[in-house]
Every structure is written in structure tokens, then in C-alpha cells.
Amino acid sequence: HPGNVPTNFSVAPATQGGWQLGYLQWLKNKFPEAITAVGTLYPDIANGRASHQASKGAAESLGFKYVYERAIQPTETDFTADVVRMRQAGVKMIWIPTQDVKVTARLAKAFAQQGFHPQAFVGGGTAYDPALVPLAGAANVEGLLVPQLYSAFAGEDSAANPEVALFNTWVQKVKPGYV
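Summarised in this report is the structure supplied together with it. Since the structure is predicted, the reported quantities are computational estimates derived from the model, not experimental observations.

Once that is clear, we can look at the packing of helix α3 (residues 80-89) against helix α4 (residues 101-114). Here α3 crosses α4 at 60°, and the two axes come no closer than 9 Å. The orientation of α3 relative to α4 falls into the category oblique. Of the two elements, α3 crosses α4, and the hand of that crossing is right-handed. Here T80, V83, V84 and R87 of α3 lie close against α4, whose contacting residues are L107, A110, F111, Q113 and Q114. For the contact of α3 with α4, the residue count by class is 5 nonpolar, 3 polar and 1 charged.

Here's what the structure looks like:
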């Protein structure tokens, strides 16, 4: 696990078994009914399973109830059956904190195809990606919640955070034009 490597100084440190509670509390306050029926998909790889267990444990500690969860393979591209099962299970909130932008877009497409509109659709930090809207296409991802626990490094926070400005200065020196 990267958090256990003494020479790893990650901008996104992780501790095995832990998860951030702040935005989960915000979700609980904003969607008190939706947290009673949560659905999730998580990667069926070691790190994905560990992250799922950590995020689920944190959410359950605040009263979230999971009614649908499934480990998915990295090669899966069609989530229609999951959306049908989520609807049958009464899912009101989709929370996929461990999925990449492509899975997030494909899931949004499956929601649109099935006419499924959960009260809350919550992605992970990887959905903070300019590729999301083009990947989702006609499946409108407007309203997708993406908890952003870090500064926005694409330049949005440069004026407010001197460290982000310094980071962006050096990125441009190393790779001019990179966003």
C-alpha cells in the first residue's frame, strides 16, 4: 500500500482503513433520505477493494446503508444490468468514489438509457476531469457531485493558493503548454 512506503510523499496520502468524513457528513445532511439506499461499483483489484472497504466503513459509521454493491472488472464497459438491479434494490444514491472517469461516464450513459435518476450521483476525484463531459456524451452529467479534497491544479486555484501557483509555474517550465 503506498501509504506504508516511507519514501512516498503523496499529495493524496492514504491510510489503510481510513477515509475522509467531511464530505460524507455533507452528503448525509444534503441527502438524508438517499443515504438509506446507497449503490456502488468498485474495481475488483486489490487497491480498489481496499478503498471500497475503507470508504464503505466510513460511510456506514455515519448511517449510510448499502443496498447494492458489486466489484467490477477493469474491462467491463456495460453497466445496464447494474442499473436495473440498482433500481430494483431501491437505490437512491450512487456513490462510486473509487471509479475512474471512463466508468463514471459509462454509468451515466446506462442511467440515461434506463431512465434512472437517483437522488444523488456522487463520483470520485477522478471524475474531476475535462474528459468527463465528452465521454458521457448525450448522458447529461449535470448535477454529478465530485468531492474535491485538493486544490484545483488546472489553474483555478493559482490566485488563491501560492503553492498551486508555484506548482503550475514549474509544470510550465518542465512541459510548456501542459494543462
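With that settled, the discussion passes to α4. Taking 1.5 Å of rise per residue, 14 residues should cover 20 Å, and α4 covers 20 Å from first to last C-alpha, within 8% of that figure. The set of residues buried in α4 consists of V101, V103, T104, A105, L107, A108, A110 and F111. Regarding α4, its N-cap is D100, as a side-chain oxygen of that residue lies 3.0 Å from the backbone nitrogen of K102 further along. Looking one or two residues past α4, G115 carries a phi angle of roughly 65°, positive in sign.

The next thing to look at is the pattern of salt bridges. Applying the stated criterion across every chain, the model contains 7 salt bridges. Note that E33 and K92 form a salt bridge whose closest N and O atoms lie 3.1 Å from each other. Of this pair, E33 sits in the loop between α1 (22-30) and β1 (38-43) while K92 sits in the loop between α3 and β3 (93-95), and the two are 59 residues apart along the sequence. Using a relative accessible area of 46% as the deciding quantity, one classes E33 as partly exposed. Classification of K92 by relative accessible area gives partly exposed; the value is 24%.

Conventions and cut-offs
Residues numbered from 1 in each chain as written. Predicted model: local features only at pLDDT ≥ 70, side-chain atom pairs only at ≥ 80, totals over all residues. Heavy atoms only, no water. Axes fitted to C-alpha atoms, helices over the stretch in contact; angles between N-to-C directions. Helix = DSSP H or I, 4+ residues; strand = E, 2+ residues; numbered from the N terminus. Parallel < 35°, antiparallel > 145°, perpendicular 65-115°, else oblique. Left-handed = near helix turned anticlockwise from the far one by under 90°. Contact = heavy atoms within 4.5 Å. Nonpolar A, V, L, I, M, F, W, Y, C, P; charged D, E, K, R; others polar. Expected span 1.5 Å × (residues − 1). Buried < 20%, exposed > 50% of the residue type's maximum accessible area, 1.4 Å probe, protein only. Polar contact = N/O pair within 3.5 Å; in protein donor to acceptor, adjacent residues only side chain to side chain. Salt bridge = Lys/Arg side-chain N within 4 Å of Asp/Glu carboxyl O.

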